[in-house]
Structure formats: structure tokens, C-alpha cells
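Each chain is listed here by its residues.
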Amino acid sequence: MIKVTRLNRTTFTLNALYIEKIESFPDTTITLTTGSKYIVLDTVEEVNSRIIEFYQAVQLLSNPHTRGEEDEE
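Anyway, here's the lowdown on the structure attached to this text. Everything quoted here is computed from the prediction, not taken from an experiment. (Residues numbered from 1 in each chain as written. Predicted model: local features only at pLDDT ≥ 70, side-chain atom pairs only at ≥ 80, totals over all residues. Heavy atoms only, no water.)

1. Focus on the side chain of T5
Where we set the bar: The secondary structure listing takes helices from DSSP runs of H or I that are at least 4 residues long and strands from runs of E that are at least 2 residues long, numbered from the N terminus. By definition, residues are in contact when any of their heavy atoms lie within 4.5 Å.
Following the sequence through the fold, T5 ends up in strand β1 (residues 2-5). The contact partners of T5, leaving out residues within four places of it in the chain, are T10, T11, V40, L41 and D42.

Put into C-alpha cells, the structure is as follows:
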């Protein structure tokens, strides 16, 4: 889960596993795989950074093959 801020400055958490795309129109729009869209104050870069942190926390990025490493020692 990642924390994001709505345009009215309230925060909420969003399951990063369901994020399909993040766009800037110039407001940041997050589209989920369900088709739901959220417009947030956070920048695309901030959201991307939180997604990466979340993936690392749940070890989705811990597989050496997904990091591009050839052999695990």
C-alpha cells in the first residue's frame, strides 16, 4: 500500500499492485486495473518512488533475475 494525497489535501492509501498507469495531465492521475482513476497532488516521480519502496518491502523486487543478475550466489 502507498499513501497519496487527494486534491483536497486528504490522504489515503492505495494498493500499488493494482496500479496500471500513472499520468500527468498536469495533475497526476493514477489508473487502476479495475478502471478506477484517482487524481492526486503527488508527482509522478513521488508515486513511482513509493511504488518501488512498496515492492521492495514485500520483496517483489528481491528476485535476482528481476534485477538483471545472471546467477544467484
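2. Section: unusual backbone geometry
Residues F25 and P26 are joined by a peptide bond in cis, for which omega reads 15°. Here P26 lies in the loop between β3 (19-24) and β4 (28-32). If you check the backbone angles, R9 has positive phi at about 75° while not being a glycine. Secondary-structure assignment places R9 in the loop between β1 and β2 (11-14).

3. A word on the packing of aromatic side chains
Applied cut-off: Aromatic pairing here means that ring centres of Phe, Tyr or Trp (its six-membered ring) are within 6.5 Å. Orientation follows from the plane angle: under 30 degrees is stacked, over 60 is edge-to-face, and everything else is tilted. Each residue's exposure class comes from its accessible area (1.4 Å probe, protein chains only) as a fraction of the maximum for that residue type: buried when under 20%, exposed when over 50%, partly exposed otherwise. The criterion is that NZ of a Lys, or CZ of an Arg, lies within 6 Å of the ring centre and within 35 degrees of the ring normal, and then a charge sits over that ring.
Per the stated rule, a full pass over the model turns up two aromatic pairs. With centroids separated by 5.3 Å and ring planes inclined at 45°, the aromatic side chains of F12 and Y38 adopt a geometry described as tilted. Of this pair, F12 sits in strand β2 while Y38 sits in strand β5 (residues 37-40), and the two are 26 residues apart along the sequence. Taking relative accessible area as the criterion, Y38 reaches 25% and is therefore assigned partly exposed. Taking 6.1 Å as the distance between ring centres and 50° as the angle between the ring planes, the aromatic pair formed by F54 and Y55 counts as tilted. It is R6 that lies over the ring of F12; its NZ or CZ is 4.2 Å from the centre.

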